[in-house]
Structures are given as C-alpha cells and as structure tokens.
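# Fold and geometry: a report
Next come the chains, spelled out residue by residue.
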Amino acid sequence: MQRRDFLHLGMDTVLGAAALSAATPQAPPPRGKKLKADAYSRHLQWLRTADEVAEATIEMGFDGVDLTVRPYPGHVDPEKVAQDLPPFVNTLRKHGLQVITITCPITDADSPNAEHILQTASSLGITHYWWGTYRYEPGKPVMEQLEALKPRVAKLAALNAKYRMKAMYHTYSGASTVGAAIWDFLYVLRNFDPAQVSFHYDIGHMTNAGGNGTWALNLRAAGAYVGGVSAKDSVMERNLAVNGGGPYTPEMAAAAAAAGSGRGRGGPGGAPGEGPGGPGSRAPGDRGQGAVGDAAAGGQPGGGGRGGGGGRGGAGGGAAASFPTWHVRQVPLGTGMADLKQFGAILKEIDFSGPIEVQAEYPNGGAQNAQDKITLPRAQVLGAMKRDLIALREAFAPSGLL
C-alpha cells in the first residue's frame, strides 16, 4: 500500500468514526464523577426573572437549579410550559448553570398538563422531575392499596419512556404517606425500570421516619431506585411548658394540649401544600409554618395540602393531640439530626449519580415556604442557603461526591 492510499484510508476511518459518534447518543458521565448541587427554585420565588434566579444561584455557589413548574408563585406556569419553560431554562444555562430537574404537579400520567410538561422538558434536555405524592386511605388493607398503585405507575412509566424522563417520587415522613417506609413503595417500583420511575430520597424526612439509623437501611434497600436526593435537616421537640420551677398547673396543661391541636401546618382554607399534586396527593403550593402534622393526627388523606390549608393532606388541621406531643422543627443543614456524612458515604456505596438539591425550610424571611416576597435582607436570605451548601460540601468531602 502506497503512503497516499494509507493516508486516505486513515482519514476515512477517522471520518467514519466521527459520523458514528455524532449519530450515537452520548453515554452518561462515568460513575464516581463529582455531583453538582442544585438550588431549589422554590426558595427563590421572590426572584421572578431567570437572570435574577441565575445570579442568586451563582452567588450562593450552587451548580444548577431545580426549577419549579407550578402555578404562581412557581417560576413557570404549567399551563404555559411550552411557551415559558424554554426561555427560562436557556437563560439559566447561558449563565453556566445545570438545569436537568424540574418540580411539577405530576402524580399520574393523567395529571393536568403532564404530557405537555414532559414533552417540553425533554426537548430541552431535562431528564428528571419530582413526582408524587400518594397517600393511604385509612381502614383499607395496605397491600391492596399498593397493588392498586401498580397500574397507575405503569402508565406513568410508559409516558416517561416515551420522553426519556425519570420521575423521582419524593419521600415524605408521616403515617399516611406512601413511601415513608421506603419498602412499601419499593414493592411497587421493583416491577418497573428505574430509568423511568425512582425515589427522590429526602434525608430530612427519612431521618424522621426512619429513626435509630433505619433510614440508612432504607437508603441501601432503595439502591438503584434512588434517582435523586434532597438535603435538609430538622430536630424533634416536645411541647413542654415551663413555669420557672413552680407547679405544673391545669391551665398550663390545657394550653399545651391546645398547642398540640395545631399539629397540622395551618388552618382551614389556606393554600394547598408543597408536594406535587394530583388526586389523592398533596396539591402544589406553599408549605405553611408550624409543627409537623399528618393525617393520623386528624387530617384526612387527599384534600388540602401541607401548607396553610390544614394538616398534611387534611382540610382542617389535626385534632386535639394527647399531651405531651412531639413536633419537627426545621433547622439549617448540618445542625439537626440528619447524618450527612453517612448519607454521602451510602450514596457513594450505592453508586448514586443523580441530581442532588438543598432544601432550606427553616425560617428564612418567607423564602422557606415559597413566598414571592421576603421579609429579610437579600444577603441574609441567600447567605443562609449558602451556609447550607457549605455544610453539605463539608459533610460529603470524605465521600468525594461534591
């Protein structure tokens, strides 16, 4: 073979390989690569433009954004997703930010705007979205209810496969919440491809639901079905009144019992709650203030939301609680019960490679519950969330994930 023929053959080989590479979908990044931490735009809804959100995200040091596609004050209205999502996402990306996750009100394939949301998101290269949340009906056998979920999950998985999207079922604590035990909803998911349906593992909720280290067992059990994770922190407290060392009076007991009766996050008639909504689920909206309550404390499954609209899925908050009662108080990341270092170690152990975000649900001028205005200085609000990210990076440093 002459030198000229050899060079032509070599060039043909290179061009052929390049063409093949262009036509073949790119492989995901190799396992073990450092993750990127997303800011949750629910805490930035007091900033209304994509440029403002991007600037704040960069100022805090996050790598990307989990964008709310929810009714106002969400950043993108689900009714206008095809019109409004592309420019918002493209602007964020022009600032160098990752946008692979959205939070939207999809519980089932038949949820309003579900297909339009997934089609638009997929066209933009978005791959993950929040999903949920299902709730148990009291008085009915648990396993029968889980079996009844399988056809609903199957239909959603098929829609996700069509648009190459992964649904991440956000894990909440609470006696009436499907998935609080992990094993219950894992029983449903194991019939499906984790590329289409998965968990969005919330270490804050799972620490509350899986005390004494049970959360770690649950995380390992979920394994390949952990599509994304959320980092937040809290402490458990008792509603105990103190009277300067004096006797505990009947009046004090009555006051404490009355305080316990407000375990739902707000009174009747307020805004629906945080979780992505749908029939038999928490509705989209804002999380209210107050102690954690659930349907077992007097609310009804379905119905109102976690926020100003009653108990966690109830229409009127909790019934009078027995005294003394416990409640969960949200705190800055790294100052509560969540073992973030072990969390990072287990994520590395299960070869986790999905999106991770930080939720800042402690009092922070209204940013914690998705308000469109804040009552604290901008620098203070963003500084608190930046501190959360620093705490997460420090905790994950031994695992090398961030």
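For the structure, check the block above.
Scope of this entry: the structure provided in the associated data block. These numbers were taken from a predicted model, which means no experiment stands behind them. (Residues numbered from 1 in each chain as written. Predicted model: local features only at pLDDT ≥ 70, side-chain atom pairs only at ≥ 80, totals over all residues. Heavy atoms only, no water.)

### Let's talk about helix α5 (residues 142–163)
Rules: Strands here are runs of E lasting at least two residues and helices are runs of H or I lasting at least four, both read from the DSSP assignment and numbered beginning at the N terminus. The span expected for a helix works out to 1.5 Å for each residue beyond the first. Note on bend: at a given residue it equals the angle between the axes fitted to the 7 residues ending there and to the 7 starting there. A simple rule labels every residue: compare its accessible area, found with a 1.4 Å probe on the protein chains alone, to the largest value its type can have, and call it buried under 20%, exposed over 50%, or partly exposed in between. Residues are treated as being in contact if the distance between any of their heavy atoms lies within 4.5 Å.
In this model, α5 (22 residues) spans 32 Å end to end at C-alpha, consistent with the 32 Å of a helix rising 1.5 Å per residue. At K150, α5 shows its strongest bend, of approximately 25°, with the proline P151 following within four residues. Along α5, the positions that sit buried rather than exposed are Q145, L146, L149, K150, V153, L156, A157, L159, N160 and Y163. Contacts from the buried residues of α5 go to α4 (114–123), β4 (128–131), β5 (166–170), α6 (183–189) and β6 (197–202). Just past α5, the residue R164 takes up positive phi, approximately 55°.

### So, the sheet that holds strand β3 (residues 98–103)
The pairing of strands in a sheet happens through backbone hydrogen bonds and is either parallel or antiparallel. Stated precisely, the cut-off is as follows: Being paired, for any two strands, means DSSP has found at least two bridges between them. Note on method: axes are straight lines fitted to C-alpha atoms, helices fitted across the in-contact stretch only, with angles between N-to-C directions ranging 0 to 180 degrees.
Reading around the barrel, the 8 strands line up as β1-β2-β3-β4-β5-β6-β7-β10 and close back on themselves, with parallel pairing between neighbours. Across this sheet, the average inter-strand angle for adjacent strands is 30°, counted without regard to direction. Along the sheet, helix α3 (residues 81–94) contacts β2 (64–68) and β3; its crossing angle with β2, the most-contacted strand, is approximately 165°. Against the sheet, α5 touches β4, β5 and β6, its axis set at about 160° to β4.

### So, the packing of aromatic side chains
Given two aromatic rings, one states the distance between the centres and the angle between the planes to describe the pair. Rules: In this analysis, rings of Phe, Tyr and Trp, with Trp reduced to its six-membered ring, are considered paired at centre separations within 6.5 Å, and the interplanar angle assigns stacked below 30 degrees, edge-to-face beyond 60, and tilted for intermediate values.
What the rule picks out here adds up to 11 aromatic pairs. Residues W131 and Y169 carry aromatic rings whose centres are separated by 5.4 Å and whose planes lie at 80° to one another, so their mutual orientation is edge-to-face. Taken as a pair, W131 in strand β4 and Y169 in strand β5 lie far apart in primary sequence, 38 residues in all. On the basis of relative accessibility, which here comes to 0%, the residue Y169 falls in the buried class. On the numbers, 5.5 Å between centres and 55° between planes, the contact of W131 with F185 is tilted. With a gap of 54 residues between them, W131 in strand β4 and F185 in helix α6 connect regions that are remote in the sequence. Residue F185 is classed as buried on the basis of its relative accessible area of 0%. Three or more aromatic residues joined by ring pairs form one cluster here, namely W131, Y134, Y169, F185 and F199.

### Focus on the nonpolar core
We count it as follows: Residue types Ala, Val, Leu, Ile, Met, Phe, Trp, Tyr and Cys, when buried and joined through side-chain atoms within 4.5 Å, form a set referred to as a nonpolar core.
L44, L85, Y129, W131, F185 and Y201 are the most contacted members of the largest nonpolar core, which has 90 residues in total. Looking at which element gives the most residues to this core, the answer is helix α11 (residues 378–396), with 8 residues. Not counting residues up to four positions away in its chain, the partners in contact with Y201 are T171, I182, M206, W215, L219, V226, G228, V229, S230 and F343.

### A look at the packing of α3 against α4
What counts here: Angle categories are assigned with fixed cut-offs, so that under 35 degrees is roughly parallel, over 145 is roughly antiparallel, 65 to 115 is roughly perpendicular, and the rest are oblique. Definitions for this section: a left-handed crossing has its near helix turned counterclockwise from the far helix by less than a right angle. A right-handed crossing has that turn clockwise. Note on residue categories: nonpolar means Ala, Val, Leu, Ile, Met, Phe, Trp, Tyr, Cys or Pro, charged means Asp, Glu, Lys or Arg, and polar means any other residue, Gly included.
Between α3 and α4, the least distance of the axes is 10 Å, while the angle of their chain directions is 30°. Classified by the angle between their axes, α3 and α4 sit roughly parallel to one another. With respect to the hand of their crossing, α3 and α4 are arranged in right-handed fashion. Contact residues: V81, A82, L85 and P86 in α3; H116, I117, T120 and A121 in α4. For the contact of α3 with α4, the per-class residue count stands at 6 nonpolar, 2 polar and no charged.

### Quick word on the pattern of salt bridges
Counted only if it meets this: For this document, the term salt bridge refers to a Lys or Arg side-chain nitrogen within 4 Å of an Asp or Glu carboxyl oxygen.
On inspection of all chains with the given rule, the structure shows 11 salt bridges. E361 is the partner of K232 in a salt bridge, and the nearest nitrogen-oxygen pair spans 3.8 Å. You can see K232 sitting in the loop between β7 (226–231) and β8 (233–238) and its partner E361 sitting in the loop between β10 (356–358) and α11, a full 129 residues away along the chain. K232 sits in the buried class, given a relative accessible area of 2%.

### Side note on the environment of F352
Within the secondary structure, F352 sits in the loop between α10 (340–349) and β10. A C-alpha to C-alpha distance of 10.0 Å links F352 and K33, two positions 319 residues apart in sequence.

### Quick look at the packing of α4 against α5
Where α4 contacts α5, the axes come no closer than 9 Å and their chain directions differ by 30°. Judged by the angle between their axes, α4 and α5 are roughly parallel. Judged by the twist between their axes, the crossing of α4 over α5 is right-handed. Counting all contacts with α4, which are made through E115, L118, Q119 and S122, the residues of α5 involved are L159, N160, K162 and Y163. Residue composition of the contact of α4 with α5, grouped by class: 3 nonpolar, 3 polar and 2 charged.

### Some remarks on helix α2 (residues 50–60)
Definition in use: Our arc is simply the arc of the directions from the helix axis toward the C-beta atoms.
Burial in α2 covers these residues: A50, V53, A54, A56, T57 and M60. Seen end-on, α2 carries its buried residues on one side only, within an arc spanning 165°. If you follow the buried residues of α2, they end up packed against β1 (37–40), β2, α3 and α11. Phi turns positive, to about 100°, at G61, one or two residues after α2.

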